[in-house]
Amino acid sequence: MIEICHHGATAGVTGSCHEVRLGGGSRESGVSDARAAGILVDCGLFQGHDEGGGASSSDLTIRFPIGHIRALVVTHVHIDHVGRIPYLLAAGFDGPIICSEPSAIMLPEILEDALKIGFTRDRQLIERVLDLIRSRLVPLPYGQWHSVFSGEGCSLSVRLQRAGHILGSAYVECDAREDDAEERIVFSGDLGAAHAPLLTAPESPERADRLVIESTYGDKDHEDRETRRYRLKSVLEHALEDGGTVLVPAFSIGRTQELLYEIESLIHDFGGALWSNLEIVVDSPLAAEFTQIYRNLKPYWDAEARDLVVQGRHPLSFEQLTVINSHEEHLNTVEYLARSHRPCVVLAGSGMCAGGRVVNYLKAMLADSRNDVLFVGYQAAGTPGRDILTYGPRGGWVQLDGERYDIRAQVHQVGGYSAHAGQSDLLEFVAGISSPPREIRIVHGDPESKLALKRCFQSLSATDIIIPSE
Ligand SMILES: [Zn+2]
């Protein structure tokens, strides 16, 4: 029996980890058959509210059988899809890690950072884990079948296709065969929005007998790209008129680069004194590193972005962009900007102001009404970001590192830089499959999003729609 099991991303949006198992009896009976063989798709960390969903940051032990797992396939390098890989290795997983070529470049970098924060400060130990991960990587070009195992009546091959979510992201097609049964199972990973900058939009799979699909935005659509760009433009223009700093709390791979890409296009299209004098600062060593990786991987950009390069434009390394690495440079920049009256946009993490370099900027800048804070991402309840968004516009205050800071800076929000497909994108992805899947499993979403998407899929009368629990 060809089975799909879920070891995460069923109770929320994090901890993605799914399994295709062949020849192994039923899930209830565990893995008893010596013939059992399987693959994992992603092995991500649980974060925030989802930590109760199976593991927490202090308990990352892999609690499911892995002796029969022949390979791990990675859809993309966001930490909620790859963060448990070191723990998978510690549990004894000794198979290959299959991922796209850009993901193979980015994965050791993102895990290095995760290990430093959550695992150990021991440099040598980190290097050993990273070397082990590098030695297991099997970079697979998009669109190319790869046999994971074959024999004893069972075989399984995988193919990666562009998912348009972040650089290197892929959805995974699996051709599984057990005795006379054979089927194609597709895991969407995280899908990108149709008109996201920089990346090619995903195309529907040609076939999917069973589909496991994400539902982060299963209940809503984003603002379209032109509206979003126009709103970004007017917030920046308004904010910069009085010569202050616009602070954008943002760090995630994908979103930072999308924002830089859009800001470069605004500078190019509108010019004039305001836009040509504008300085852009990216203050985060990790964002800097990933921006560099994005720059190096131009062959994976979409046609629009590659055209700009042909025209001599540099969407991610334009003249007015400064990238800050060292802590000393960071402190100098905070101090300089707090005193100077130069129009400047600063991108710094964390995105919800709960830590990271953005906190020093906030402390130095919130009291000055010339400055602005622009939120582009979701602000969870209980974070300083949510408090600034709620109380800032009424002249309230926020607590940072135990101290109270009055907010006189202006506060704005522009939505849609989420790098995730909206509801219509998800529906289109499924509608494009030539014959509807016989089963769709909805994962990676809040309960409302999953239900909303389930309702949309109900018109597919021959399809079982399942919202799995672990
Ligand atoms: Zn993601």
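Reading the values: the criteria
Within any chain, residue numbers begin from 1 and follow the written order of that chain's sequence. Selection of residues for local features in this predicted model requires a pLDDT of at least 70, selection of side-chain atom pairs for listing and counting requires 80 or more, and totals for whole chains, interfaces and linings are taken over all residues. The side-chain values count all of the structure's non-hydrogen atoms but skip hydrogen atoms and water molecules. Labels follow the DSSP assignment, with helices taken as runs of H or I lasting at least four residues and strands as runs of E lasting at least two, numbered in each case from the N terminus. Only C-alpha atoms enter the radius of gyration; for comparison, a globular chain is expected to reach 2.2 Å times N to the power 0.38, where N is the number of residues. Exposed residues in this analysis have more than 50% of their type's maximum accessible area, buried residues have under 20%, and partly exposed residues fall in between, with area computed by a 1.4 Å probe over protein chains only. A contact between two residues is defined here by any heavy atoms of the two lying within 4.5 Å. The accessible surface values rely on the Shrake-Rupley method and a 1.4 Å probe; as for residues, cover is taken only from the protein chains in view. His is not counted here, nor are the chain ends, while Lys and Arg score as positive and Asp and Glu score as negative. Charge coordinates come from a single atom per side chain, which is NZ of Lys, CZ of Arg, CG of Asp or CD of Glu. To qualify as a nonpolar core, a set must consist of buried Ala, Val, Leu, Ile, Met, Phe, Trp, Tyr and Cys residues joined through side-chain atoms within 4.5 Å. Only one rule defines a salt bridge in this text: a Lys or Arg side-chain nitrogen within 4 Å of an Asp or Glu carboxyl oxygen. Strands were regarded as paired on the criterion that DSSP finds at least two bridges between them. Lines fitted to C-alpha atoms define the axes, with helix axes restricted to the stretch in contact, and inter-axis angles between N-to-C directions lie between 0 and 180 degrees. This arc corresponds to the set of directions leading from the helix axis out to the C-beta atoms. The pairing test for Phe, Tyr and Trp rings, Trp by its six-membered ring, is centres within 6.5 Å, and the orientation test on the planes gives stacked under 30 degrees, edge-to-face over 60, and tilted for anything in between. A ring is scored as having a charge over it whenever the NZ atom of a lysine or the CZ atom of an arginine sits within 6 Å of its centre and within 35 degrees of its normal. For the domains described, the bounds stem from an automatic or database domain assignment. Each of two parts loses accessible area, computed with a 1.4 Å probe, when they are put together; buried area is these two losses added. The definition of a polar contact used here is a pair of N or O atoms within 3.5 Å, where within protein one atom must be able to donate a hydrogen and the other to accept one, and adjacent residues in sequence count solely through side-chain atom pairs. By the convention adopted, Pro, Cys, Tyr, Trp, Phe, Met, Ile, Leu, Val and Ala count as nonpolar, Lys, Arg, Asp and Glu as charged, and the other residues, Gly among them, as polar. Each metal's donors comprise the N, O and S atoms found within 2.8 Å of it (within 3.2 Å for Na, K or Ca). Water is not part of the atom list, so some coordination spheres may appear incomplete. Here a site with four donors is tetrahedral if all angles are between 85 and 135 degrees, and a site with four or six donors is square planar or octahedral if opposite donors are over 155 degrees apart and the other angles are between 65 and 115; anything else gets the irregular label.

1. What about the overall build of the protein chain?
- In terms of regular secondary structure, the protein chain is built from 14 helices and 21 strands.
- Relative to the compact-globule value of 23 Å for 470 residues, the protein chain shows a C-alpha radius of gyration of 23 Å, a close match.
- Expressed as a percentage of its 470 residues, the buried residues of the protein chain come to 57%.
- A separation threshold of at least 6 residues defines the contact pool for the protein chain, and within that pool the share at least 24 residues apart is 74%.
- Carbon and sulfur atoms make up 48% of the accessible area of the protein chain, which amounts to about 19,000 Å² in all.
- Charge-centre separation for the protein chain: the mean point of 43 positive side chains lies 2 Å from the mean point of 65 negative side chains.

2. Some points on the nonpolar core
- If you look at the biggest cluster of nonpolar residues, it comprises 100 residues, and the most contacted ones within it are Ile-39, Ile-85, Leu-107, Ile-110 and Val-158.
- Ignoring any residue separated from it by four or fewer positions in sequence, one finds Ile-85 in contact with Cys-43, Leu-72, Val-74, Ile-97, Leu-107, Leu-111 and Ile-133.
- Val-281, Ile-324, Phe-375 and Tyr-405 belong to the second-largest nonpolar core, a separate cluster that totals 24 residues.

3. Looking at the pattern of salt bridges
- A full pass over the atoms with the stated rule returns 31 salt bridges.
- With its nearest N and O atoms 3.4 Å apart, the salt bridge here joins Glu-206 to Arg-184. One end of the pair, Glu-206, is in the loop between strand S10 (181-187) and strand S11 (210-214); the other, Arg-184, is in strand S10, with 22 residues separating them in the sequence.
- For Glu-206, a relative accessible area of 52% corresponds to the exposed category.

4. Here's the deal with the sheet that holds strand S6 (residues 137-139)
- On the basis of which strands lie adjacent, the open sheet formed by 6 strands has the order S1-S2-S3-S4-S5-S6 and mixed pairing. Across the chains shown, the open sheet's two edge strands, defined by having one partner strand only, are strand S1 (3-6) and S6. The average undirected angle you get between the axes of adjacent strands in this sheet is 25°.
- As paired elements, strand S2 (residues 18-22) and strand S3 (residues 37-41) share 5 bridges and run antiparallel to each other. Looking across to S3, one finds that Glu-19 is bridged to Leu-40.
- Helix-sheet contacts for helix H3 (residues 101-118) involve strand S5 (97-99) and S6, and the interaxial angle to S6 is about 150°.
- Running over the sheet, helix H4 (residues 123-136) touches S5 and S6 and is turned about 40° from S6.

5. With respect to helix H13 (residues 423-431)
- Among the residues of H13, those classed as buried are Gln-423, Leu-426, Phe-429 and Val-430. Taken around the axis of H13, the buried residues stretch over an arc of 125°, which confines them to a single face. Opposite the packed face of H13, turned more than 90 degrees from it, sit the exposed residues Glu-428 and Ala-431.
- At its buried positions, H13 is contacted by strand S9 (170-178), S11, strand S20 (439-443) and helix H14 (447-457).

6. A few points about the pairing of strand S8 (residues 154-162)
- Burial runs high along S8: 7 of the 9 residues are buried.
- Pairing geometry for strand S7 (residues 146-151) and S8, over 5 bridges, is antiparallel. Across the sheet, Phe-149 pairs through a bridge with Leu-156, a residue of S8.
- Once S7 ends, the chain turns through 2 residues before running back antiparallel as S8, passing Glu-152 with a positive phi of about 50°.
- Across 9 bridges, S8 lies against S9 in antiparallel orientation. Following the sheet pairing, Cys-154 is matched in S9 by Glu-178.

7. Comments concerning the packing of aromatic side chains
- Taken as a whole and judged by the stated rule, the model has 2 aromatic pairs.
- Pairing Tyr-171 with Phe-429 gives two aromatic rings, centres 5.1 Å apart and planes at 85°, and the pair type is edge-to-face. On the criterion of sequence distance, the pair formed by Tyr-171 in strand S9 and Phe-429 in helix H13 is long-range, its members being 258 residues apart. Phe-429 carries the same exposure label as Tyr-171, and that label is buried.
- Across from the ring centre of Phe-149, 5.1 Å away, lies the NZ or CZ of Arg-70, which sits over that ring.
- Sitting over the ring of Phe-270, Lys-233 keeps its end group 4.4 Å from the ring centre.

8. Comments concerning the domain arrangement of the protein chain
- Looking at the protein chain, the domain boundaries give domain 1 (3-220 + 419-466) and domain 2 (225-417).
- The straight-line distance from the C-alpha centre of domain 1 to that of domain 2 is 31 Å.
- Each side of the interface is counted separately: domain 1 has 20 residues, and domain 2 has 20 residues.
- Across the interface of domain 1 and domain 2, roughly 2,000 Å² is buried in total on both sides, 68% from carbon and sulfur atoms.
- Counting the contacts that link domain 1 with domain 2 gives 4 residue pairs in polar contact (both at pLDDT 80 or more).
- Ranked by residue count, the leading element in the side of domain 1 that touches domain 2 is H3, at 7 residues.
- A breakdown of the residues in the side of domain 1 that touches domain 2 according to their chemical character gives 13 nonpolar, 3 polar and 4 charged.

9. Brief notes about the coordination of the zinc ion
- The protein atoms that coordinate the zinc ion are His-76 (NE2), His-78 (ND1), His-165 (NE2) and Asp-190 (OD), at distances spanning 2.2 to 2.3 Å.
- In this structure, the zinc ion is surrounded by 4 donor atoms whose angles at the metal cover 88 to 167°, and the resulting shape is irregular.
- Counting gaps between the donor residues of the zinc ion yields the pattern H-x1-H-x86-H-x24-D.
- Note on His-76: relative accessible area 0%, which makes it buried.
- Under the relative-accessibility criterion, His-78 is labelled buried at 15%.

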